[in-house]
Amino acid sequence: MKVVGAALVADVSNSTPLFEELGEQAALREINHCLQEMRTQIQYLGGAFLHSKGDDVLAFFEDANAALEVAQTATQKIAAGALQVHAGLSWGSMLRLPNDLYGTPVNIASRLASLAKPREVLVCEPFLGELSTASRGTLREVDVLSLKGVSDRLKVYSYVAEDPADLTMKFASHSAASEGSLNVVLRYGAAVRELSEGSEVSLGRAKDADLVVSQPWVSRKHATVSVMNGIVVLRDHSTLGSFVRMDEGREIVARRGSVTLIGNGAVSLGAPFAQSSESVVSYSQTRSFKESAQGQ
């Protein structure tokens with residue numbers, strides 16, 4: 001049936017160190033406990049828990065304030081092994097099924113969740129308009145994004161579960177030339193994809209991936225690379241993981257987790273660099289600065 005309300009997409013991150021520290025079974029128990037806590041809070045505040053796929057949660061709320069409270073509470077809590085939650089929230093008309101939700105607001109919430117840093121909640125302008133004055137006061141404007149499937153650019157607002165005095169956030173400003181414009185280039189063979197602030201590229205074996213890596217060990221939707229607030233983040237969604245080497249440094253692995261990409265480097269999808277060179281995507285970052293106006 002058609003519904004109007006809030007779509008919440010929340011994701012548990014930082015699970016890779018937990019698997020390495022506790023082992024698979026114990027790590028899964030901790031992740032499931034974290035997901036169950038979110039489910040309990042969703043239902044307590046009148047939301048509908050629709051499903052959980054892997055580390056993700058999808059929920060629907062008729063009350064935007066309740067949806068934001070659930071997301072904020074989830075990001076404030078750190079479970080065993082330093083598990084952290086990041087979330088996205090959107091508002092609008094959707095098709096609700098018993099255990100699922102479809103529509104542009106769901107897609108926007110999912111995209112915002114993928115862009116959010118650990119312990120951060122991102123919401124868009126339509127959702128903001130449904131909030132009380134007190135709830136709005138907990139959010140800060142961070143950027144204006146162009147999202148796939150949405151004709152208009154959306155203002156995005158952030159809540160981070162930290163002391164605001166410790167934050168180094170870049171606020172949206174058309175005159176902030178001193179920050180420069182970040183440009184990221186991904187290369188795989190002859191294929192080249194460029195990213196700028198607020199954009200995202202999907203990597204995987206699926207034909208509809210933005211950058212197709214057709215190797216049997218690469219997942220259909222293996223990973224995404226996004227740029228938000230001047231930070232480049234790789235998020236792995238696979239079973240085998242993504243192996244990252246930055247500026248010729250040591251190799252690190254992200255498995256259903258995220259890594260901030262620094263400088264220039266490469267990502268090997270599904271296999272360590274020593275085992276295969278056939279699924280390696282290189283990346284480079286450049287920042288351009290506008291020339292300041294000359295005094296007359």
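This section reports on the structure supplied with the text. (Residues numbered from 1 in each chain as written. Predicted model: local features only at pLDDT ≥ 70, side-chain atom pairs only at ≥ 80, totals over all residues. Heavy atoms only, no water.)

Turning next to unusual backbone geometry. Positive phi is not limited to glycine here, since Arg119 has a value of about 70 degrees. By the secondary structure assignment, Arg119 is in the loop between helix 4 (104–115) and strand 6 (120–124). (Helix = DSSP H or I, 4+ residues; strand = E, 2+ residues; numbered from the N terminus.)

A few words on the packing of helix 2 (residues 24–44) against helix 3 (residues 64–76). Helix 3 packs onto helix 2 with a crossing angle of 155 degrees between their chain directions and a minimal axis gap of 10 Å. Classed by the angle they form, the pair helix 2 and helix 3 counts as roughly antiparallel. Crossing hand, helix 2 versus helix 3: right-handed. Contacts between helix 2 and helix 3 involve Met38, Gln41 and Ile42 on the former and, on the latter, Glu69, Val70, Thr73 and Ala74. (Axes fitted to C-alpha atoms, helices over the stretch in contact; angles between N-to-C directions. Parallel < 35°, antiparallel > 145°, perpendicular 65-115°, else oblique. Left-handed = near helix turned anticlockwise from the far one by under 90°. Contact = heavy atoms within 4.5 Å.)

Before going further, it helps to spend a moment on the sheet that holds strand 17 (residues 258–261). The strand order across the open sheet built from 5 strands is 12-11-13-14-17, with neighbouring strands paired in mixed fashion. If you trace the sheet from one side to the other, it starts and ends with strand 12 (211–212) and strand 17, each paired once. (Pairing = 2+ DSSP bridges.)

This part takes up the nonpolar core. Judged by nonpolar contacts, the single largest core of 34 residues is most densely connected at Leu8, Phe61, Leu89 and Phe127. Going through the elements one at a time, strand 1 (2–13), helix 2, strand 3 (56–61), helix 3, strand 4 (84–97), strand 6, helix 5 (125–128) and strand 8 (154–160) are the ones with two or more residues in this core. Element by element, the count of residues in this core is highest for helix 3, at 7 residues. Ranked by size, the runner-up nonpolar core spans 24 residues in total, among them Leu195, Val201, Leu234 and Leu269. (Core = buried A, V, L, I, M, F, W, Y, C linked by side-chain atoms within 4.5 Å. Buried < 20%, exposed > 50% of the residue type's maximum accessible area, 1.4 Å probe, protein only.)

Turning next to the pattern of salt bridges. Across all of its chains, the model carries 2 salt bridges by this definition. Across the salt bridge formed by Arg111 and Glu200, the nearest N and O atoms sit 3.6 Å from each other. Residue Arg111 is found in helix 4, and its partner Glu200 is found in strand 11 (residues 200–204); the two are separated by 89 residues along the sequence. Overall, the relative accessible area of 11% leaves Arg111 in the buried class. The class for Glu200 is partly exposed, based on a relative accessible area of 21%. (Salt bridge = Lys/Arg side-chain N within 4 Å of Asp/Glu carboxyl O.)

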